[in-house]
Amino acid sequence: MEATSGPHHAPGTKDVMMSRTRIPHPGPSSRLRRPARRRALIATTGALALAGAGFGAWTFLAPGPGIEGVSDGAVLGGRAAAQVSAYLAAGAPRGGNGLHATLDGAAVPLTPEGARLRLALPPLKEGPHTLVVDGATSLPFAPHRKVVGFSVDTTPPELKVADPQIKDPAAPVPVTGSASTDAEVTVNGKKVPLDRNGMFRVTVPKGTPLVTVTAVDRAGNTTTRSVSARGRRPMIRAAHITAIGWGDDSLRGGVLALVRSGKLNAVELDVKDEDGEVGYASRVPLARRIGAAKGYYDARKAIDEIHAAGAQVIGRIVAFRDPKLAAASWHSGKPDQLVLTPSGQPYDGGHYGALSFTNFANPVVRKYNQDLAVEAAGLGFDDILYDYVRRPDGPLSQMRFPGIGAATPEQSITSFVADTRTALRPQAKYLGVSVFGIAATRPTEIAQDIGALVKVADYVAPMVYPSHWAPGEYGVAQPDTSPYAIVQRSLADFARLAKGTQTEIVPWLQDFSMGSTYGPAEVAAQIKAAEANKMESFILWNAGARYQGSALQQIAAH
């Protein structure tokens, strides 16, 4: 904040000698509706100053008697209000005899401290305050009444920043928002002007991954917002491979061959899998403590190899199906970290077995998965893709989620994703969430509210495998033998729910046989069904990581 050289002085007073500080000028406007600067009524040989408005230690050097610690017209932020001390300087009578002090009409005790008298101020509340000292002093020219009007403002300034609308990835990115009119706003460290309504508009260079906007008001209160300036997630055409599968020369080579031939542009590699095992030697303390960090592959080496082949790397984290963490939590006497039955036993996960599902409402569980996401992003993964970001299958009446409070399971899951997106912003990575195909029409069945999730993720990845749909879904008699129809119709609901957002729909498609035989034609039919919904992206699933390249077209020719 800019500062002036000192407060207003009554005629004939001397300048204050300040130590390493300048004095904030209060300015004409205030969100607290403070009166315009009160006329300085302190006519002494030492008018007093507030140092720093919330920054550093208080240091006051006044050559004569007066009130030290607060100055007329000062605005104190939260930290300053908590630390401020007021004194009567040299020249006050011994012991405070003949002096009386009040704050907002209530008496303030005076306590001798060396050559000064300390005003024992109570905790300062938000809003305007008036400090008055009446009585005689030992100096004949000192006034009999001193009045200081100041305010306490601990409310952070308002700040809103819109998600940038990026239509041309090659052009500078416009960033717009609004802030309290008494705030100073910076965008990525550079000050930007506000109009009379507090609105601002700036542009940042193309390719800027993250825009951080900060507003600081006169009292030093700060609000910060960060938004991604990357826009929509570019087209993903990926295939899945497990951590152990990556170590197999044949499986790894087959996936990389599809990348080098131009048929895929991304590889989805497991960070944490369905067994709760972390594929690389994670440094996250909880992963190491419960024996989850397996080191099946070298993360940096794998990422470098995929990047060198011409693809990006999607790190899949199986979030709440986590037998490793569930078992460790239960056996160490921490049942709240699991989904429980009404009687307090571990919920059996529907058909996944006991000790399988951790509690998405538990802070330790949430932080563990978010820590892995942040670590993976720091290692070089381009995306984080959550899977099993849901409650278990089964009737809700048979489950308890300790700590969920008044939130619904859908709200708790959504807030977890939102928190992860915030944690990842400094890394400038994309965040996706894998969801059930039925979630578009049945959001409470496994606690995946697509209308809410599209607002907190960069992309949503519905698992619309034809073999997983029941007969008759979407009017398709036998979905498993009708890959185009079931995928096209189900994805239309996801497209509807994502409309008006910058969130992409990236479907998981089936490249495996389960009931019916799936060859290149069936895989290609699903890709065409996604394209019919204007979805160019997809991720192929085959648990054995063996993919039918003949079903894929070259991306450059597409």
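For the structure, check the block above.
Because the structure is predicted, anything quoted here is derived from the model rather than measured. (Residues numbered from 1 in each chain as written. Predicted model: local features only at pLDDT ≥ 70, side-chain atom pairs only at ≥ 80, totals over all residues. Heavy atoms only, no water.)

### With respect to unusual backbone geometry
What is expected of a backbone is that most residues other than glycine have negative phi and most peptide bonds are trans.
Turning to step 1, where the next piece is worked out: Look at Tyr474: it is not a glycine, yet its phi comes out positive at around 55°.
Turning to step 2, where the next piece is worked out: By the element assignment, Tyr474 lies in the loop between strand 24 (459-463) and helix 10 (483-498).
Turning to step 3, where the next piece is worked out: The class of Tyr474 is partly exposed, set by a relative accessible area of 24%.
Turning to step 4, where the next piece is worked out: You will see that Lys534, though not glycine, has its phi angle at about 60°, which is positive.
Turning to step 5, where the next piece is worked out: Relative to the helices and strands, Lys534 resides in the loop between helix 11 (520-532) and strand 27 (538-541).
Turning to step 6, where the next piece is worked out: Residue classification places Lys534 among the exposed positions, given a relative accessible area of 77%. (Helix = DSSP H or I, 4+ residues; strand = E, 2+ residues; numbered from the N terminus. Buried < 20%, exposed > 50% of the residue type's maximum accessible area, 1.4 Å probe, protein only.)

### Description of the side chain of Lys429
Turning to step 1, where the next piece is worked out: Looking at where Lys429 falls in the secondary structure, it is placed in the loop between helix 8 (409-424) and strand 23 (430-436).
Turning to step 2, where the next piece is worked out: The side chain of Lys429 is buried and forms no salt bridge, while Asp382, the nearest opposite charge, is found at 4.7 Å.
Turning to step 3, where the next piece is worked out: Here the side chain of Lys429 touches Phe381 through a polar contact of 3.3 Å, landing on its backbone oxygen.
Turning to step 4, where the next piece is worked out: Once you skip the residues sitting within four places of it in the chain, Lys429 turns out to touch Arg230, Ala377, Gly380, Phe381, Asp382, Leu424 and Asp458. (Lys, Arg positive; Asp, Glu negative; His and termini not counted. Salt bridge = Lys/Arg side-chain N within 4 Å of Asp/Glu carboxyl O. Polar contact = N/O pair within 3.5 Å; in protein donor to acceptor, adjacent residues only side chain to side chain. Contact = heavy atoms within 4.5 Å.)

### What about the sheet that holds strand 4 (residues 75-76)?
Turning to step 1, where the next piece is worked out: Read across the sheet, five strands follow the order 4-11-10-6-7 without closing on themselves; strand pairing throughout is mixed. A single partner strand is all that each edge strand has here, and the edge strands are strand 4 and strand 7 (106-107).
Turning to step 2, where the next piece is worked out: Relative to strand 11 (residues 145-152), strand 10 (residues 127-135) runs antiparallel, the two being bridged by eight bridges. Note on strand 11: the bridge partner recorded for Gly127 is Val152. (Pairing = 2+ DSSP bridges.)

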